[in-house]
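One-letter residues, chain by chain:
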Amino acid sequence: MYQILTDSCCDVPYKLLKELNVDFISMYIDVNGQEIADDLGKSFDINAFYQEIAEGALPTTSQVNVGRYTEFFKQYAQQNIPVLYVCFSSGLSGSYQSALQAVEIVKEDFPEAEIHVFDSLAASGGEGLMVYEAAQKQQEGLSLAELLAWLEKNRLTYQHWVTVNDLNHLQRGGRLSKTSAAIGGLMNIKPIIDVDTQGKLRTLEKIRGRKKALQHIADKIVENTGTPNEQVIFINSSGDYDSAKEVKRRIEEQIQPKAIEIFPLGPTITSHTGLGCIVAFTRGPLRQ
């Protein structure tokens, strides 16, 4: 018996995690001076959060600190339950390092505790899809060691395809210069972003027009989905569900995956992308 853990950056509803018997730790967001825990929809109202951004709020995020991780892991160490924590990409947050420090602290009191911190090198629904499939493998009977080996082998097969609608948020986060954001806005440029082998965001292309960008996202998912009839695809959107449905439709025109699920993009990622971000996730060839 072992417990799979993750964090709220996985951007899948808490109800789904509960069905999968996966526990999670919440990230915190500061909105207009108020600190709010992202509990994946249990009490956090994501649509109200989107509305606050639409009205001009500029939320900030913070990584999970060592103390919170220590308490999170300790409850399982006390019960002698081995855990596997699938963590938000180390390329995007210092949370991974904080989790490793917390494990050392827990082991001071519980030296026999078995706590594995696995760097997903993924974000949002990419991390969520990895957690979803890990839970499926657990249900199929894989031991903790077998699941860790499977995750190591498949970690870089999780594909992320992103387009944003608001260049100003990328500029505010330091991922785009003020000049580039201004010119891009005037020219209706929509960047196509993915996640590299170090779990960091990178801009691959710049496409003119929202519709072309959505088609490009759909095409990339089709191109990079291995064995479509066995693959579940996740799509996350920060408030533009019509565009998310459009991407789903365009994917289904070309392939018939096992399922395509649409979820809200969580507040941690939305704080950096702004409204209208569309992200699609699948599993296929290794990232390059």
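Undergrad: Which residues make up the overall build of the protein chain, and what are the values?
TA: On a plain count of helices and strands, the protein chain comes out with eleven helices and 13 strands. Its C-alpha atoms give the protein chain a radius of gyration of 19 Å, within 12% of the compact-globule value 19 Å for 288 residues. Along the first, second and third principal axes, the C-alpha atoms of the protein chain reach 60 × 45 × 30 Å. Counting over 288 residues, the protein chain shows a buried share of 54%. Taking the intrachain contacts of the protein chain between residues at least 6 apart in sequence as the baseline, contacts between residues at least 24 apart amount to 74%. Carbon and sulfur atoms form 47% of the exposed surface of the protein chain, whose accessible area is close to 13000 Å².

Undergrad: Could you give an account of the pattern of salt bridges, naming the residues involved and the relevant values?
TA: Tallied over the entire structure, the rule returns ten salt bridges. A salt bridge links Lys-137 to Glu-140; its shortest N-O distance comes to 3.9 Å. By relative accessible area, which is 22% here, Lys-137 ends up partly exposed. Looking at Glu-140, the relative accessible area reads 57%, which means it is exposed. Its salt-bridge partner being Arg-250, residue Glu-246 comes within 2.7 Å of it at the nearest N-O pair. Note that Glu-246 and Arg-250 are positioned in helix H10 (residues 241-252) at a spacing of four residues, about one turn of the helix. A network of salt bridges, in which partner residues are shared, links Glu-246, Arg-249, Arg-250 and Glu-253.

Undergrad: Got a sec to walk through the layout of surface pockets? Specific residues and values, please.
TA: For the second largest pocket, the calculated volume is near 300 Å³. For the lining of the second largest pocket, the element with the most residues is helix H5 (residues 125-139), which contributes four residues. Grouping the constituent residues of the lining of the second largest pocket by class yields three nonpolar, four polar and six charged.

Undergrad: Which residues make up the sheet that holds strand E4 (residues 34-37), and what values go with them?
TA: Pairing between the strands of a sheet comes from backbone hydrogen bonds, and it takes one of two forms, parallel or antiparallel. In spatial order, the strands read E4-E3-E5; together these three strands make up an open sheet with antiparallel pairing. Sheet topology places E4 and strand E5 (60-62) at the edges, where each strand pairs with a single neighbour. Sheet twist, expressed as the average angle between the axes of neighbouring strands with direction ignored, equals 30°. In this sheet, E5 lies alongside strand E3 (residues 28-31) in antiparallel orientation, the contact comprising three bridges.

Undergrad: Describe in detail the sheet that holds strand E12 (residues 259-264), supporting the description with residues and values.
TA: An order of E10-E9-E8-E13-E11-E12 is seen for the six strands of this open sheet, with the pairing classed as mixed. Since the sheet does not close on itself, it has two edges, and those belong to strand E10 (201-208) and E12, each with one partner. For this sheet, the mean inter-axis angle between neighbouring strands, taken without regard to orientation, is 20°. Of the pairings in the sheet, the one linking strand E8 (residues 158-163) to strand E9 (residues 189-195) comprises two bridges and is antiparallel in character. Bridged to Val-162 within E9 is Ile-193. Seen against the sheet, H5 touches E8, strand E11 (232-237) and strand E13 (278-283) and runs at an angle of roughly 145° to E11.

Undergrad: Provide a residue-level description of unusual backbone geometry, including the pertinent values.
TA: Even without a glycine there, the phi angle at Asn-32 is positive, about 50°. Secondary-structure assignment places Asn-32 in the loop between E3 and E4. Positive phi, normally seen in glycine, also occurs at Ser-124, with a value near 50°. Owing to a relative accessible area of 3%, Ser-124 belongs among the buried residues under this scheme.

Undergrad: How would you sum up the nonpolar core? Please name residues and give values.
TA: Grouped together as the largest cluster of nonpolar side chains are 70 residues, with contacts concentrated most on Tyr-69, Phe-73, Tyr-85 and Leu-151. Beyond its immediate chain neighbours, meaning those up to four positions away, Leu-151 contacts Leu-84, Val-86, Phe-118, Met-130 and Ala-134. Listed in part, the 18 residues of the second largest apolar core include Trp-161, Ala-218, Ile-255 and Ala-280.

Undergrad: Which residues make up the environment of Arg-210, and what values do they have?
TA: With respect to the element layout, Arg-210 can be found in helix H9 (residues 210-223). Classification of Arg-210 by relative accessible area gives buried; the value is 14%. When the C-alpha atoms of Arg-210 and Asn-165 are compared, they prove to be 7.6 Å apart, with 45 residues separating the residues in sequence. Sequence-distant contacts of Arg-210, that is, excluding residues within four places in its chain, are made with Thr-163, Val-164, Asn-165, Asn-188, Lys-190, Asp-240, Ser-243, Gly-276 and Ile-278. Within the local environment of Arg-210, its side chain forms a polar contact with the side chain of Asp-240, the two groups lying 2.8 Å apart.

The rules behind these values
- Residues numbered from 1 in each chain as written.
- Predicted model: local features only at pLDDT ≥ 70, side-chain atom pairs only at ≥ 80, totals over all residues.
- Heavy atoms only, no water.
- Helix = DSSP H or I, 4+ residues; strand = E, 2+ residues; numbered from the N terminus.
- Rg over C-alpha atoms; globule rule 2.2 N^0.38 Å.
- Buried < 20%, exposed > 50% of the residue type's maximum accessible area, 1.4 Å probe, protein only.
- Contact = heavy atoms within 4.5 Å.
- Areas by Shrake-Rupley, 256 points an atom, 1.4 Å probe, with all protein chains shown as cover.
- Salt bridge = Lys/Arg side-chain N within 4 Å of Asp/Glu carboxyl O.
- 1 Å grid on protein atoms, 1.4 Å probe; cavity = no way out; pocket = protein on both sides within 12 Å on 5 of 7 lines; lining within 4 Å.
- Points joined across faces, edges and corners; volume = space filled by probe spheres on them.
- Nonpolar A, V, L, I, M, F, W, Y, C, P; charged D, E, K, R; others polar.
- Pairing = 2+ DSSP bridges.
- Axes fitted to C-alpha atoms, helices over the stretch in contact; angles between N-to-C directions.
- Core = buried A, V, L, I, M, F, W, Y, C linked by side-chain atoms within 4.5 Å.
- Polar contact = N/O pair within 3.5 Å; in protein donor to acceptor, adjacent residues only side chain to side chain.

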